[in-house]
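An overview of the molecular structure
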Amino acid sequence: MTGREVWEPEAAELVRPYVITKGRGLPDEEQLSLITLVTAAPEEGQRPTRLSPEEQRLLDLCSAGYLSVAEIAGHTRLPLGVVKILLASLTEGGYLITRAPVTRAALADREILQEVLNGLRAKFG
């Protein structure tokens, strides 16, 4: 190394995910999946000031309407796990409302569909 070369440390993230989440673990997949819809709860007065900057950002983002967990993670550019933990915390605090994804409908029985089709053909030709 010559005297002209200056050693520069690699740029590290300003805040580690563990610090942002305050060491909390991931919520259950049933509680918050990628397609769970999230929106801000109706405000009853002033917004709390004790939230972290990341939580405030999530709350601001969710105030515009329903967004999926995946969309929120994309907008914030935070890791998905961190977003899920923060959203779970805000939901438990009553600041957010979540809506679980609609379960998939059961497939219709093929025999019943064939009987309906046969009945329609018999009636209408």
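Residues numbered from 1 in each chain as written. Predicted model: local features only at pLDDT ≥ 70, side-chain atom pairs only at ≥ 80, totals over all residues. Heavy atoms only, no water.

For the protein, an unreviewed UniProt entry supplies the name DUF742 domain-containing protein and the organism Streptomyces solicathayae.

1. A closer look at the packing of helix α2 (residues 53-62) against helix α4 (residues 80-92)
Two elements in contact, α2 and α4, have axes whose closest approach is 10 Å; the angle formed by their N-to-C orientations is 75°. The orientation of α2 relative to α4 falls into the category roughly perpendicular. Residues Glu54, Glu55 and Leu58 of α2 touch α4, and the partners they reach there are Val83, Leu86, Leu87, Ser89 and Leu90. Tallied by class, residues from the contact of α2 with α4 come to five nonpolar, one polar and two charged. (Axes fitted to C-alpha atoms, helices over the stretch in contact; angles between N-to-C directions. Helix = DSSP H or I, 4+ residues; strand = E, 2+ residues; numbered from the N terminus. Parallel < 35°, antiparallel > 145°, perpendicular 65-115°, else oblique. Contact = heavy atoms within 4.5 Å. Nonpolar A, V, L, I, M, F, W, Y, C, P; charged D, E, K, R; others polar.)

2. A word on the packing of α2 against helix α3 (residues 69-76)
Interhelical geometry of α2 versus α3 gives an angle of 120° and a closest axis separation of 11 Å. Overall, the two elements α2 and α3 adopt an arrangement that is oblique. At the point where α2 passes α3, the crossing takes the right-handed sense. Between α2 and α3, the residues in contact are Arg57, Leu58, Leu61 and Cys62 and Ile72, His75 and Thr76, respectively. Taken together, the residues of the contact of α2 with α3 break down into four nonpolar, two polar and one charged. (Left-handed = near helix turned anticlockwise from the far one by under 90°.)

3. Looking at the sheet that holds strand β1 (residues 37-40)
Read across the sheet, three strands follow the order β2-β1-β3 without closing on themselves; strand pairing throughout is antiparallel. The open sheet has two edge strands, β2 (67-68) and β3 (96-99), and neither has a second partner. Contacting β1, β2 and β3, α2 crosses the sheet at an angle of about 100° to β1. (Pairing = 2+ DSSP bridges.)

4. As for the packing of aromatic side chains
Evaluation of the coordinates by the stated rule reveals zero aromatic pairs. Geometry around tyrosine 66 places arginine 99 over its ring, the cationic atom sitting 4.9 Å from the centre. (Phe/Tyr/Trp six-rings, centres within 6.5 Å; stacked < 30°, edge-to-face > 60°. Lys NZ or Arg CZ within 6 Å of the ring centre and 35° of its normal.)

5. A closer look at α4
Side chains that are three or four residues apart share a direction in an α-helix, a result of its 3.6 residues per turn. Look at α4: 18 Å from first C-alpha to last across 13 residues, which is about the 18 Å you get at 1.5 Å a residue. All buried positions along α4 are accounted for by Val82, Val83, Lys84, Ile85, Leu86, Leu87, Ala88, Ser89 and Leu90. Just beyond α4, the residue with positive phi is glycine 94, at close to 85°. (Expected span 1.5 Å × (residues − 1). Buried < 20%, exposed > 50% of the residue type's maximum accessible area, 1.4 Å probe, protein only.)

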